[in-house]
Amino acid sequence: MSIYKKIFKQTAIYGLAAVFPKVIGFFLVPFHTDLMQNNDYGQYSVIFSIMMFLNVILSFGMETAFFRFYNKRDDKKEVINNSLLFLCCTTLIFTVFSILTINYWADLLNIPIDILQYVLVILILDALVIVPFAKLRADQRPMFYSAIRMANVTIYTVLNIFFLYYLPILSSKYPDSIFSSIYVENYQVSYIFIANLIASLFTFLAFYKDYFTIKFKFNKELNKEMLKYSFPVMVGGLAFAINESFDKILLERLLPADIALSEVGKYAACYKLGLFMVLFRQAYTLGIEPFFFNYAKNDDAPTKYATITKYFTIFGSLIMLGVIVFSDILKVLFIRNESYWDAMSVVPLIILANLCMGIYTNLSVWYKLRDKTAVGAYISIMGAVFTLIFNYLLIPIWGYVGSAIATLIAYGSMMLVSYVMGQKQYPIPYEKKAIGGYMGLSILLSFVYFYCFRENYLVGITCILIFLGVIYKFENTIIKKIIKR
């Protein structure tokens, strides 16, 4: 039990880094949607989606490669130095290229040039802290990691509240003050990215000492090995970014221009109700990825991986059912502007898609441990192809519901393909009947409730109790052990 206890402890602490920003972001949804029209919230969502895609390019898969080589090689300082030097060079190239072509990209992406400038600085600052953050995780320093992440989000949140709510009031009340001089009317989207920029600058300054330790001594052979490992990760990351964010971009491009941004805004707001599954998945990933690498040499590793996957599925399935049952209460609390509620029909699809993605994270252990990251890239590319194809096919018919279905198809296919391939390359004794049973029961109860008995909470709570009863019936031995400990 000590291994599971350690995983749980690290997942809980890392979870602060994942949960706190997402929860704060979730609480910002009613704040943003109250103060912004659907079109403005749609524009913000599209730009944020583009940023996600560019973040993957700038990271170049170096975070995962860093973990692998930091644990693999004796000279850990050399791994740190090489990683920092590489990202400094690629970020410099990106900076120069962006400055020279900024007008072209502003026109192509239909983004105001001032916002694009803020976005580029944010991307640069975020790229430069990838290795320092990865080092904290590799050294198992979750407390400091979480503290920096939480401080970043706190600054971002405070500045959002100041710029969007207090600044207009202060500007009006004190017309000759500094508040009036920095206030711009109808500038909400820009203010959000200015707040992001300042928060990213703080995070970079928290790690500035790391850059004073850089030695301009580059190990070309090590870099070649790391790039060979990281490039497929980056390709897979790009494919993942397509799966995660291109639905908003494609909605804007494929829907009629007069309603596109408004529909994106509705979809993006209701998409946020899938946050709880995303939080669980991300917190788990932060804690489990180092464990996968560190525990791989043990003889019982496959058995441990199988058990962990089973309990991830149980908890994930319970979260899915709970969120879907109470989604209409959550929408009143977090999306108070009723003009956004039209897109509530996507919530069950998005939550199920994220559960599939979480299970895929567990199943992906085999190709990471076998240094076959190219396989992960191929699987993600397959998912990205499905995302693009089904978005193009379904958006003109069903709008944002088509996007949600495309996301589910992409993540579900990735999960299934990874399982089939993994069992051939790195057999893990997954409890298939248990995993399939828990997940299938949760899906059945969730979808029957949402689409047949929605807002009948007597039925909804009964569904949750049925699922908990099934868990207890088959897992009572381990539950009693956990309670005793």
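A. Layout of the overall build of the protein chain. Broken down by element type, the protein chain carries 21 helices and zero strands. Against the compact-globule benchmark of 23 Å for 485 residues, the protein chain has a radius of gyration of 23 Å, which places it among compact chains. Along the three orthogonal principal directions, the C-alpha set of the protein chain runs to about 70 × 65 × 45 Å. Here the protein chain, with 485 residues, has 52% of them falling under the buried criterion. If you sum the accessible surface of the protein chain, you get close to 22,300 Å²; carbon and sulfur atoms cover 67% of it. Taking the average place of the 42 positive charges on the side chains of the protein chain and the average place of its 30 negative ones, the gap between the two points comes to 13 Å.

B. Spatial organisation of unusual backbone geometry. One non-glycine residue with positive phi stands out, namely F60, at about 55 degrees. In the Ramachandran plot, N110 falls in the positive-phi region, its phi being about 60 degrees despite a non-glycine side chain. For N110, the location among the structural elements is in the loop between α4 (76-109) and α5 (113-128).

C. Region of interest: the confidence of the model for the protein chain. For the protein chain, mean pLDDT is 86; residues scoring 70 or higher make up 94% of the total. Here helix α1 (residues 2-35) stands out as the element of the protein chain with the lowest mean pLDDT, 71, in contrast to helix α20 (residues 432-452), whose mean of 94 is the highest.

D. Quick look at the pattern of salt bridges. Per the counting criterion, the structure on display carries nine salt bridges. Note that R336 and D34 form a salt bridge whose closest N and O atoms lie 2.5 Å from each other. Here D34 lies in helix α1 and R336 lies in the loop between α15 (327-334) and α16 (347-363), a separation of 302 residues in the sequence. For E475, the salt bridge identified is with K310, shortest N-O distance 3.0 Å. On the criterion of sequence distance, the pair formed by E475 in helix α21 (residues 457-484) and K310 in helix α14 (residues 301-325) is long-range, its members being 165 residues apart. Accessibility expressed as a relative area gives 6% for E475, which makes it buried. Here K310 falls in the buried class, since its relative accessible area comes to 7%. Taken together, the shared-partner salt bridges connect E263, K266 and D342 into one network.

E. Just the nonpolar core, in detail. Y41, Y44, F66, F163, F193, Y267 and Y305 are the most contacted members of the largest nonpolar core, which has 142 residues in total. By residue number, the principal contributor to this core is α16, which donates twelve residues. If sequence neighbours within four positions are ignored, Y41 has contacts with V29, H32, T33, M36, G265, A268, A269, K272 and Y340. Core analysis: the second largest hydrophobic core is formed by six residues, F133, L136, I148 and F207 among them.

F. Region of the structure containing the packing of aromatic side chains. The full count for this structure, using the stated rule, is 27 aromatic pairs. Ring geometry for F53 and F246: centres 5.4 Å apart, planes at 50 degrees, overall tilted. Separated by 193 residues along the polypeptide, F53 in helix α2 (residues 38-59) and F246 in helix α11 (residues 220-254) bring together distant segments of the chain. With a relative accessible area of 21%, F53 lands in the partly exposed category. By the ring-pair criterion, three or more aromatic residues cluster together here, those being Y41, Y44, F48, F193 and Y340. Taking NZ or CZ as reference, K248 lies 3.6 Å from the ring centre of Y271, over its face. Here the guanidinium or amino end of K331 rests over the ring plane of W341, the centre of that ring lying 4.5 Å away.

G. Geometry of α20. When the terminal C-alpha atoms of α20 are compared, their 29 Å separation across 21 residues agrees well with the 30 Å that a helix rising 1.5 Å per residue should span. The complete set of buried residues in α20 reads I435, Y438, M439, S442, L445, S446, F447, Y449 and F450.

H. Inspection of the packing of α11 against helix α18 (residues 373-398) at higher detail. Axis separation between α11 and α18 bottoms out at 7 Å; the angle between their running directions is 10 degrees. Between α11 and α18, the interaxial angle falls into the category roughly parallel. Across the contact of α11 with α18, the residue classes tally to 18 nonpolar, seven polar and one charged.

I. Representation of the environment of T64 within the structure. Within the element layout of this structure, T64 appears in helix α3 (residues 62-72). Along the chain, T64 and L54 lie ten residues apart, while their C-alpha atoms are 17 Å from each other.

J. View of a nonpolar patch on the surface. A contiguous nonpolar surface patch, about 500 Å² in accessible area, is contributed by F326, I329, L333, I461, L465 and L468. Put simply, the parts of the chain that give the nonpolar patch at least two residues each are α15 and α21. Among the elements that make up the nonpolar patch, the one with the highest residue count is α21 (three residues). Among the secondary structure elements, I461 is positioned in helix α21. A relative accessible area of 40% places I461 in the partly exposed class.

K. Representation of the state of the cysteines within the structure. This structure, assessed with the given rule, holds zero disulfides. Left without a disulfide partner, C463 is nearest to the cysteine sulfur of C452, which lies 10 Å away. Given a relative accessible area of 8%, C463 falls into the buried group.

L. Up close: the packing of α11 against helix α12 (residues 260-271). Orientation of α11 relative to α12, taken along the N-to-C sense of each, is 155 degrees, at an axis distance of 8 Å. Comparing the axis directions of α11 and α12 gives the class roughly antiparallel. When α11 is examined against α12, the residues E244, D247, K248, L251 and E252 are found in contact with a partner set consisting of A260, L261, V264, Y267 and Y271. Here the residues of the contact of α11 with α12 are counted per class, giving six nonpolar, no polar and four charged.

M. Local environment of the environment of Y430. Structurally, the position occupied by Y430 is in the loop between α19 (400-425) and α20. Beyond its immediate sequence surroundings of up to four residues, Y430 is in contact with Y305, A306, T309, N362, L363, Y419, Q423 and I435.

N. Structural detail: α2. An ideal rise of 1.5 Å per residue puts 32 Å on 22 residues; α2 measures up with 32 Å between its terminal C-alpha atoms. Directly beyond the C-terminal end of α2, a positive phi value near 55 degrees is found at F60.

Definitions and limits used
- Residues numbered from 1 in each chain as written.
- Predicted model: local features only at pLDDT ≥ 70, side-chain atom pairs only at ≥ 80, totals over all residues.
- Heavy atoms only, no water.
- Helix = DSSP H or I, 4+ residues; strand = E, 2+ residues; numbered from the N terminus.
- Rg over C-alpha atoms; globule rule 2.2 N^0.38 Å.
- Buried < 20%, exposed > 50% of the residue type's maximum accessible area, 1.4 Å probe, protein only.
- Areas by Shrake-Rupley, 256 points an atom, 1.4 Å probe, with all protein chains shown as cover.
- Lys, Arg positive; Asp, Glu negative; His and termini not counted.
- Charge placed at Lys NZ, Arg CZ, Asp CG, Glu CD.
- pLDDT = per-residue confidence, 0-100.
- Salt bridge = Lys/Arg side-chain N within 4 Å of Asp/Glu carboxyl O.
- Core = buried A, V, L, I, M, F, W, Y, C linked by side-chain atoms within 4.5 Å.
- Contact = heavy atoms within 4.5 Å.
- Phe/Tyr/Trp six-rings, centres within 6.5 Å; stacked < 30°, edge-to-face > 60°.
- Lys NZ or Arg CZ within 6 Å of the ring centre and 35° of its normal.
- Expected span 1.5 Å × (residues − 1).
- Axes fitted to C-alpha atoms, helices over the stretch in contact; angles between N-to-C directions.
- Parallel < 35°, antiparallel > 145°, perpendicular 65-115°, else oblique.
- Nonpolar A, V, L, I, M, F, W, Y, C, P; charged D, E, K, R; others polar.
- Patch = residues over 30% accessible without salt bridge, like charges linked within 9 Å, V, L, I, M, F, W, Y side chains within 5 Å.
- Disulfide = S-S within 2.5 Å.

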